[in-house]
Amino acid sequence: MKRNLIATILLLAALPAVSASDSAMMSFQRGSWRQLLHSHAGRPMLVHFWGVTCGPCKVELPQLGEFMKQHPAIQVVTIDADLVPNSDTAALAMLRSAGLSLAENWMFSDGFADRLRYEIDPAWQGEIPRTLLIAADGNITTIEGSAEPSVLEKWSVEQRTK
Amino acid sequence: MIHHRRQSMMIRRFTILALATVLAQGAAWAEMNHNHVSETSCEDTALRCASKVTPVFGPDGTLWLAWMAGGQIMTASSRDGGRTLSEPVQVTQGKPDLDWGPDARPKIALDTKGNIAVAFSTFRDKAFNGEVFYSRSADGGKTFASPRPITDNNQSQRFEALGFDRDGTLFAAWLDKRNRVPAAKAGRQYDGAALFFATSKDGGTSFTQDSLAADSTCECCRLGLAFDPSGHPVVAFRNIFEGSIRDHAIVTFNDQGRPGEVHRISEDDWQIAACPHQGPSLSIGQDGTYHVVWYTNGKKRKGLFYARSKDGGKTFSEPLPVGEPGKGPSRPYVLTGAFATAIVWKEFDGERTSVKLMTSTDGGATWSIPTTILSTADASDHPLLISDGERYYLSWMTKADGYILQPIKAVP
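This structure is a prediction, so every number in the text was calculated from the model and none was measured.

**Q** What is the right way to look at helix 5 (residues 113–120) of chain A in this model?
**A** For an α-helix the count is 3.6 residues per turn, leaving residues at separations of three or four pointing the same way. Across the 8 residues that make up helix 5 of chain A, a large majority, 6, are buried. Those residues of helix 5 of chain A lying buried are A:Ala113, A:Asp114, A:Leu116, A:Arg117, A:Tyr118 and A:Ile120. Looking at the packing, one finds that the buried side of helix 5 of chain A touches strand 1 (26–28), helix 2 (32–39) and strand 4 (104–108) of chain A together with strand 22 (341–348) and strand 23 (353–360) of chain B.

See below:
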């Protein structure tokens, strides 16, 4: 309970600046999804759900790191939603080596993960990787499984012309 | 309705003992999991702390449970339908890194002589490669042999299934990633895993050399295992069909114990390079009808489905949707018996998880309207069904309400 409280305080403190840090992951709890959408409203955002134990994620993560480098106008957010929950140490190491340490990085922090997924998409049963492309107008495109870099590129071009 | 929210004095007394003896292990387990909020209400090895509980009835009607709690695999039995439990016995030794993924769970099976076979998966390294272990008790569950790897191959095995056929041969199957090695050497991409199997003629003391049943299966979903009326093992699994389609398949073993042809259960067209962590459930009637339930998110259909086969798994009926689509139906389980076939699954409304039930008394041709039989407000294991030959029971481990074994009234 106390840890949750501290995490919440830290989270609230971190939110206004949305300062990315490469030393810790933000704790994704009930209500985090709404906060996240609210804090980035009006800007195109790529939200990537992944996990350390997910095979295809190992291939995709460095591609996302490259995407972030090439597209500074698009906010990149990662959320560790591993169905086999594990330590943030391993997740941070993977994010760093993928060039994503400066993205906004979250980790599911609820022993009852169903309710976190439900807030994001009630139909989502937890398969990862999963990418949501959220346009400035809030329109969401969901990509199940690995996202092709060409698909991300096409979407990012569309965001510029909007 | 038997609701074992409060365990008996016997269990509570054991819990205190367990707390004293496994405090160090529990602390290590808690530390390992400090980065995510626990799925369980406590961290020691008592049943009430379990994240997964697997039940089975022995030939004499004794209920046996194998569970995962405090980082260990535990077993105990009950002669009164779960009201009181025998003193739990630990199967694992040391500090195994047990597979805690959603479709992992300890397996337990009993033969007619009273041999108790147990199997479970661990992670062998930080890359989450798995290792399947088995153990056996020949003294009615008082002691278990030191767990041994089911294969000497050192790549990765997970998602084991275990069962005795009617002749007392113990059949084990699992998902195995060994074939990625020759593929890598040949410069080929290797997706998924392979279905491997082995048998034991000595009640689970030793297993035969393992063999391949099917290659290019999905690597992260539970297997459905049942035996046909002749005693042949039948395994339902999520396969990878051409074009990265992760639909379900089934294989029936022949008289020589060799795998037959792999047949497709349904063309759902779920093309996905991801880990669904949701495998099928299979039950076979005395008339030889195969009953299968599964989850898909394919182009052709999405959600939970039921189908049956009356020709030994060669062809299946048109998939029947199960559950309310808006409530994320998941984790289906099917059990068929002499008088009825029952399916349970979970639904979630954003706050509570419900276990839904539907039944069929005509071999799966028509089904009752689904009813809610239980619900819980926090994390829970998959709902499972077992039968003692007279009644069906729902077995469900919940964080908030403990372990529940409840007779199902709708099914005779």
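Past the structure itself, the notes keep going.
**Q** Teacher, can you tell me more about the nonpolar core here?
**A** As a rule of thumb, soluble globular proteins bury nonpolar side chains together. Residues B:Val118, B:Ala119, B:Ala172, B:Ala173, B:Val235 and B:Val293 are the most contacted members of the largest nonpolar core, which totals 145 residues. Here this core gets 7 residues from one element, more than from any other, and that element is strand 2 (residues 63–69) of chain B.

**Q** What am I meant to see in the interface of chain A and chain B here?
**A** Often, the extent of an interface is quoted as the loss of accessible area upon association of its parts. On the side of chain B, 26 residues touch chain A, which itself brings 27 residues to the contact. Contributing elements (two or more residues each) for the side of chain A that touches chain B: helix 3 (55–70) and helix 5 of chain A. At 3 residues, the largest contribution of residues to the side of chain A that touches chain B is made by helix 5 of chain A. Split by residue class, the side of chain A that touches chain B holds 12 nonpolar, 9 polar and 6 charged.

**Q** What am I meant to see in the sheet that holds strand 13 (residues 224–227) of chain B here?
**A** Pairing between the strands of a sheet is mediated by backbone hydrogen bonds and can be parallel or antiparallel. All names here are of chain B. Reading across from one edge, 13-14-15-16 is the order of the 4 strands in this open sheet, with antiparallel pairing throughout. Of all strands in the sheet, those bounded by a partner on one side alone are strand 13 and strand 16 (259–264). Strand-to-strand, the axes of this sheet are offset by a mean angle of 20 degrees, without reference to chain direction. Pairing analysis gives 4 bridges linking strand 15 (residues 248–253) to strand 16, with the strands arranged antiparallel. Looking at the pairing, alanine 249 lines up with arginine 264 of strand 16.

**Q** How should the pairing of strand 15 of chain B be read in this particular structure?
**A** The two faces of a sheet get side chains in turn, since along a regular strand they alternate between them. All names here are of chain B. Among the 6 residues that make up strand 15, 6 are buried, leaving the element largely enclosed by the rest of the structure. Along strand 15, one buried face is formed by His248, Ile250 and Thr252 and the opposite face, lined by Ala249, Val251 and Phe253, is buried too. In this structure, strand 14 (residues 233–238) lies alongside strand 15, joined through 5 bridges in antiparallel fashion. Within strand 15, the residue paired with valine 234 across the bridge is threonine 252.

Conventions adopted
Residues numbered from 1 in each chain as written. Chains lettered and ligands numbered in written order. Predicted model: local features only at pLDDT ≥ 70, side-chain atom pairs only at ≥ 80, totals over all residues. Buried ≥ 20, exposed ≤ 12 C-beta atoms within 10 Å, placed from the backbone. Helix = DSSP H or I, 4+ residues; strand = E, 2+ residues; numbered from the N terminus. Contact = placed C-beta atoms within 7 Å. Core = buried A, V, L, I, M, F, W, Y, C linked by C-beta atoms within 7 Å. Nonpolar A, V, L, I, M, F, W, Y, C, P; charged D, E, K, R; others polar. Pairing = 2+ DSSP bridges. Axes fitted to C-alpha atoms, helices over the stretch in contact; angles between N-to-C directions.

Remember, this is a structural readout, not a statement about activity or role.
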